[in-house]
Amino acid sequence: MSFFQRMFGDLDPSLLEMLNISNTARCSVYCRAQHEKIHATYHKPAFGPAQRDLQCDESLLFQCASLFKVFISASLILAIDKLSSDPSPTNRYRKLKDAWSKPFTVVFNDLAEGEDSRMRPLPGEPSVLQVLLHFNGVYDINHILLAPDGTPLQCPRDVLERISRYADDTRGQQGEGEGQIIYSNANYILLALLIDRASRSLNGFLEEYILTPFKMKSTFLSLQNLHSHSNESQRQPHVVSSDGHRHIFRPGITLGLSDVVEITWLGPYTSATDLGLFFEGLQSAMDGKPVGLFDKAAVESLGSSRSHINDHEGYTPYGFYTSLNSTGPGSHSLNRLISPDSNLKAHILGKTSDDKEIMVFYLAGSATGWASTVYFIPNKRMFVIVLTNTSGPLDASDLISRLCLHEILELRPSKISNWDVGHFLPSRNTVAPERYRVQYVKLARQIFDENATKVRELEQRDDQPDTPTSDCPSLPGIYFSSRNGQYLRIIDWKGDRNEKKEGVLRIIIQSGTKSSQKLRFVKKGEKFRICSPEELSTLAIDCFGAWKNLDFEVEQDDMGVKSLSRQGVYLKDYFVRE
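Residues numbered from 1 in each chain as written. Predicted model: local features only at pLDDT ≥ 70, side-chain atom pairs only at ≥ 80, totals over all residues. Heavy atoms only, no water.

### Thoughts on the overall build of the chain
Here comes step 1: For the chain, the helix and strand inventory stands at 15 helices and 23 strands.
Here comes step 2: Compactness check: the chain gives a C-alpha radius of gyration of 24 Å against a globular reference of 25 Å for 578 residues, within 12% of the reference.
Here comes step 3: Taken along the three principal axes of its C-alpha coordinates, the chain extends 75 × 65 × 50 Å.
Here comes step 4: Among the 578 residues that make up the chain, the fraction classed as buried is 60%.
Here comes step 5: A separation threshold of at least 6 residues defines the contact pool for the chain, and within that pool the share at least 24 residues apart is 66%.
Here comes step 6: Taking the average place of the 65 positive charges on the side chains of the chain and the average place of its 70 negative ones, the gap between the two points comes to 2 Å. (Helix = DSSP H or I, 4+ residues; strand = E, 2+ residues; numbered from the N terminus. Rg over C-alpha atoms; globule rule 2.2 N^0.38 Å. Buried < 20%, exposed > 50% of the residue type's maximum accessible area, 1.4 Å probe, protein only. Contact = heavy atoms within 4.5 Å. Lys, Arg positive; Asp, Glu negative; His and termini not counted. Charge placed at Lys NZ, Arg CZ, Asp CG, Glu CD.)

### As for the packing of aromatic side chains
Here a ring pair, both rings aromatic, is described through the centre-centre distance and the interplanar angle of the planes.
Here comes step 1: All told, the structure shown has 25 aromatic pairs when counted by the stated rule.
Here comes step 2: Look at Tyr139 and Tyr570: their rings are 4.8 Å apart centre to centre, the planes differ by 50°, and that puts the pair in the tilted class. Note that Tyr139 is positioned in the loop between helix H4 (128–132) and helix H5 (142–145) and Tyr570 in the loop between strand S22 (560–567) and strand S23 (572–577), a separation of 431 residues in sequence.
Here comes step 3: The class of Tyr139 is buried, set by a relative accessible area of 1%.
Here comes step 4: When the centroid spacing of 5.5 Å and the interplanar angle of 25° are considered together, the rings of Phe521 and Phe528 count as stacked.
Here comes step 5: Under the relative-accessibility criterion, Phe521 is labelled buried at 0%.
Here comes step 6: Residue class for Phe528 comes out buried when judged on its relative accessible area of 4%.
Here comes step 7: Ring pairing ties together the aromatic residues Tyr30, Phe68, Phe71, Phe214, Phe278, Phe279, Phe294, Tyr318, Tyr321, Phe361, Phe376 and Phe383, which thus form one cluster.
Here comes step 8: A cation over a ring is seen here: Lys69 above Tyr188, with NZ or CZ 5.9 Å from the ring centre.
Here comes step 9: Here the basic side chain of Arg566 rests over the ring of Trp547, its NZ or CZ set 4.2 Å away from the ring centre. (Phe/Tyr/Trp six-rings, centres within 6.5 Å; stacked < 30°, edge-to-face > 60°. Lys NZ or Arg CZ within 6 Å of the ring centre and 35° of its normal.)

### Section: the nonpolar core
Here comes step 1: Formed by 97 residues in total, the largest nonpolar core has its most connected members in Phe104, Ile210, Phe278 and Leu282.
Here comes step 2: Looking at this core, the element that brings in the most residues is helix H7 (residues 185–199), giving 10 residues.
Here comes step 3: Leave out the neighbours within four places in its chain, and Ile210 touches Phe71, Ala74, Ser75, Phe205, Met216, Phe278 and Phe294.
Here comes step 4: If you look at the next biggest cluster of nonpolar residues, it comprises 49 residues, including Phe8, Leu19, Val441 and Ile447. (Core = buried A, V, L, I, M, F, W, Y, C linked by side-chain atoms within 4.5 Å.)

In structure tokens:
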């Protein structure tokens, strides 16, 4: 029996208990160290305990969300460093030559085929490399990208028309200067649009230069391919409520594959096997065995550039470069999003038994119904991939991946005195392994309980009675925000068949050609609040982030309601009646 087989046999009781606590429906764990690897899948029935599948189910698909950023980075490196070298007029990538140091909008507009496809300069004129490293880029725009119910709202044209103005308006916000590092989906949407424009098809580029050479046969970039190669049970997202109950999120609906904007921030559907093939391929290229156009130089480029948050941490094309002897691991997980100020999620993994510090590339991807974590350690020929199809009070992928790192690397707390020892779990070297694993299970329960409090608060604020339209008859109408291009359509809803005598307020958020579901719009004191569309429905995880404030203020005059406004993370958005 191999080391990994023994290790997972020992880990299984703890992993299964964490899946029970989080009520995670499906989980795929794929680990490699040196030349040894193991892939295991787990399922948690609606009733009954979690179980390890007797045979690993490699057909399971997961929406990878921000894990997709590494594929955007890899594509950009190929396009600029490899494909642009031929100066021939027939080479569509020639205009990307030496693009790293050029202003992003200059490079982007140089590829434009008409004035209507150009974008205004971004403030500070960040270079292509700076945008890649989240340095001097665009602030988070998730509240523009999607509605509170998780519905995508922006198409590529919407982004190009609005993003520069939004970047201008947010640039002057207090405490966030021009040169700061700000992690943002918007940066990678811009990069994906650049690749799409240069190649004339982002999906085609990914298929030709990444999926085919890496033999990734279970990664799907379009609805047609996804639906023709999988069934719904292989790719269903689930949401867990504060009381631990689980349900399918938006059954029968697949979100995120309609265009470049959606696929960039929600990600394609993929498998742990395919992600493993990608990282194994990168390792192979590092060893002098190229995969497609990926040779040693291209792979080194993925990890060589970094925006420095401090001496040891920063964003790279691979993801977040951090030490296991820090609070970096887990910092982008759903656990931190729900309760960002908690110390429970910030325990430090530590160093090896010979007091060596381990640096890793850390990636995390969360969307409503999905939570995933990847650690890549090239110099140890190692990766840990944990994918789950469940979001809720506990992101199981976060803790399971960290426990795997602890076991494989035999980590222990640092001897450095300036770390808060309260952030550490008991040392693996001072307690028996089975007791150490029990501590992870205890931590999982603590995180679930703490985050459940936050989730319950959102559920309670969402549990409001409908507001009769007769209580505010002047409110229905169409309101427009010139900054973000969104429309609010407030309607007097009398049922799907207009069968009710008394109407209630509903709101639809629109942007371009896309719109949300009919969401409840309820009166709370002097304000109105967006609530989930139905009694048993769920709001998106972004209601702990970009949509944390769901309350709208109303401005009226003698003629009735003039405008609505909502304070966002950075700006106050105004919607004026049309």
